Amino acid sequence: MHLEEVNSTNSYAIELLSKNKPSEGTVISARKQTQGRGQIGSGWESEAGKNLTVSLILYPTFLPIKQQFLLNQAISLGVFDFVSRFIEAEVKIKWPNDIMVGNKKIAGTLIQNILSSNNFQTSIVGIGVNVNQTFFKSDAPNPTSIKAETKNEHDLKDLIDFLCIDLEKRYLQLRAENSWIIQKEYLSNLHQYQEEAIYQRTDNDAIFSGKIVGVHESGKLIIDHTKGQSLFSMKEVKFL
């Protein structure tokens, strides 16, 4: 389903679900988003007709709520696989779900879950990939795009097909209970994994040196540092 303009594809998907139950894997794409969203209220800049802005409707009812971060990892790997098709430079996943080329952000996801009892009911997976945009107006740190990295223009319709293929592969791995593959590959492609780096706590602005050693099943980032080991939720720690 392709739309010319929408406030956000995730919001459109939520409205669609309020009226009926689309088939699993329904894809909603838009040429222009007027209110594109990132994690926890962050905006997502996307020039009309230049990038992929899509949402998928999934029904991962097989997944217990306590394992919901596995879906995040599977989707992140799908987008990672897609970007890696076109980029020769090193591509990494920056926890929890940004896709980076070096220190530049090229893609991100926003997953909104509807839960029932102890299982998922519905997941709306919003994905933004910078494709043909080369100038960014916002103050987002270090954005880049496939065109900026390769100097080549790409047809968005063709790219949606490739993105769906890569996402389906990872989602089927998850559904086949091959979560160990997803967890292993997520960590092996994680930005700054097992590397000494500088971070900042957001609760007290303390700056510290540490090493990412894993991700808890809850999705919290595990960092070793001189005072021990700490777990951080989204927005509790900054990468410096």
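A brief report on the enclosed structure follows. (Residues numbered from 1 in each chain as written. Predicted model: local features only at pLDDT ≥ 70, side-chain atom pairs only at ≥ 80, totals over all residues. Heavy atoms only, no water.)

### Re the overall build of the chain
Working step 1: Secondary structure assignment for the chain yields five helices and twelve strands.
Working step 2: A compact globule built from 240 residues would reach a C-alpha radius of gyration of about 18 Å, and the chain, at 18 Å, matches this within 12%.
Working step 3: When its C-alpha atoms are laid out on the principal axes, the chain stretches across 50 × 45 × 30 Å.
Working step 4: Looking at the chain as a whole, 48% of its 240 residues qualify as buried.
Working step 5: Counting only contacts in the chain whose residues sit at least 6 apart along the sequence, the fraction spanning at least 24 positions is 62%.
Working step 6: When the accessible surface of the chain is totalled, it reaches about 12,100 Å², and 47% of it is carbon and sulfur. (Helix = DSSP H or I, 4+ residues; strand = E, 2+ residues; numbered from the N terminus. Rg over C-alpha atoms; globule rule 2.2 N^0.38 Å. Buried < 20%, exposed > 50% of the residue type's maximum accessible area, 1.4 Å probe, protein only. Contact = heavy atoms within 4.5 Å. Areas by Shrake-Rupley, 256 points an atom, 1.4 Å probe, with all protein chains shown as cover.)

### Focus on the pairing of strand β7 (residues 119-129)
Working step 1: Along β7, nine of the eleven residues are buried, which leaves the element largely enclosed by surrounding structure.
Working step 2: In this structure, strand β3 (residues 52-58) lies alongside β7, joined through seven bridges in antiparallel fashion. Bridging from a neighbouring strand, S55 pairs with G126 of β7.
Working step 3: Pairing analysis gives ten bridges linking strand β6 (residues 104-116) to β7, with the strands arranged antiparallel. (Pairing = 2+ DSSP bridges.)

### With respect to the nonpolar core
Working step 1: I127 and V129 are the most contacted members of the largest nonpolar core, which totals 52 residues.
Working step 2: Tallying contributions element by element places helix α2 (residues 69-86) first for this core, with eleven residues.
Working step 3: Counting residues in hydrophobic clusters, the runner-up holds ten residues, among them L3, V6, L17 and I124. (Core = buried A, V, L, I, M, F, W, Y, C linked by side-chain atoms within 4.5 Å.)

### Re a nonpolar patch on the surface
Working step 1: Together, I198, I207 and L240 give the surface a local cluster of nonpolar side chains, amounting to about 290 Å² of exposed area.
Working step 2: Turning to its location among the elements, I207 is positioned in strand β9 (residues 207-215). (Patch = residues over 30% accessible without salt bridge, like charges linked within 9 Å, V, L, I, M, F, W, Y side chains within 5 Å. Salt bridge = Lys/Arg side-chain N within 4 Å of Asp/Glu carboxyl O.)

### Concerning the sheet that holds strand β2 (residues 26-33)
Working step 1: The strand order across the open sheet built from seven strands is β1-β2-β3-β7-β6-β5-β4, with neighbouring strands paired in mixed fashion. Strands with a single pairing partner mark the edges of an open sheet, and in this sheet they are β1 (2-6) and β4 (91-94). Each strand of the sheet is rotated relative to its neighbour by a mean of 25°, with strand direction disregarded.
Working step 2: Contacting β3, β4, β5 (98-101), β6 and β7, α2 crosses the sheet at an angle of about 150° to β6. (Axes fitted to C-alpha atoms, helices over the stretch in contact; angles between N-to-C directions.)

### So, the pattern of salt bridges
Working step 1: Under the definition given, this model contains ten salt bridges.
Working step 2: Between E149 and K104 there is a salt bridge, and its shortest N-O distance comes to 3.0 Å. In this pair, E149 is assigned in helix α3 (residues 146-150) and K104 in strand β6, connecting sequence segments 45 residues apart.
Working step 3: Linking D203 and R201 is a salt bridge whose minimum nitrogen-to-oxygen distance equals 3.2 Å.
Working step 4: Judged by relative accessible area, which is 56%, D203 ranks as exposed.
Working step 5: Given the relative accessible area of 27%, R201 is considered partly exposed.
Working step 6: Sharing partners across several salt bridges, the network here consists of D81, R170 and E185.

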